[in-house]
Amino acid sequence: MSISFNPETQILTYENLTKQYIQINSINLYYQNGVYDIASSQTTNFSTELSPESKVNLNVSYQLSKVNESSYKHTTKKKALAEKIKFGFAIKYTVGDSTRNKTLYKRDTTNLYALIKDK
């Protein structure tokens, strides 16, 4: 399993690196000290099956807009470059016929400007 995020396009890409199906049970967004569920437009919980050796791009701009702390209407570029935030994702998934959950998790500190430029 692989996950990447492009802050410019706000696209989250998750990839199945195995030759088995993967059932993705949940995806969570970490922003500062908050944890937010990524949900599809049809459901309140995210659940999907990912084919072997495939990848999916998910636009998370709608979910990011729901993050209360992410409203920076009156900030400047200089302030945004100086403001450090914690940002990341976690995925809970199972591989093949297994019922054992696995977790892929990464959280980094970055500057606010990297997430809001061109918005």
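So, here is what we can say about the structure in this document. Just so we're clear, the structure is a prediction, and the values are computed from it rather than from any experiment.

A separate point is the overall build of the chain. The secondary structure content of the chain amounts to 3 helices and 8 strands. Classification of the 119 residues of the chain by burial places 34% in the buried group. Considering only residue pairs separated by 6 or more positions, the chain has 67% of its internal contacts joining residues 24 or more positions apart. Approximately 7,600 Å² of the chain is accessible, and the part contributed by carbon and sulfur atoms is 46%.

Core analysis: the biggest nonpolar cluster contains 22 residues, and M1, Y14, I24 and I27 have the highest contact counts within it. The leading source of residues in this core is strand β7 (residues 84–95), at 6 residues. Here M1 is in contact with Y14, E15, L17, I22, I24, L50, I91, Y93 and L104, once residues within four sequence places are set aside.

We now examine the pairing of strand β4 (residues 34–37). Relative to β4, strand β3 (residues 22–31) runs antiparallel, the two sharing 4 bridges. The residue of β4 that forms the bridge with Y30 is V35.

Its identity as a non-glycine residue notwithstanding, Q10 has a phi of 55 degrees, on the positive side. Relative to the elements of secondary structure, Q10 occurs in the loop between β1 (2–6) and β2 (11–15). Residue Q10 is classed as buried on the basis of its relative accessible area, which comes to 9%. Not every positive phi belongs to a glycine, and Q32 is a case in point at roughly 55 degrees. Judged by relative accessible area, which is 23%, Q32 ranks as partly exposed.

Conventions we followed
- Residues numbered from 1 in each chain as written.
- Predicted model: local features only at pLDDT ≥ 70, side-chain atom pairs only at ≥ 80, totals over all residues.
- Heavy atoms only, no water.
- Helix = DSSP H or I, 4+ residues; strand = E, 2+ residues; numbered from the N terminus.
- Buried < 20%, exposed > 50% of the residue type's maximum accessible area, 1.4 Å probe, protein only.
- Contact = heavy atoms within 4.5 Å.
- Areas by Shrake-Rupley, 256 points an atom, 1.4 Å probe, with all protein chains shown as cover.
- Core = buried A, V, L, I, M, F, W, Y, C linked by side-chain atoms within 4.5 Å.
- Pairing = 2+ DSSP bridges.

On their own, these measurements won't tell you what the molecule is for.
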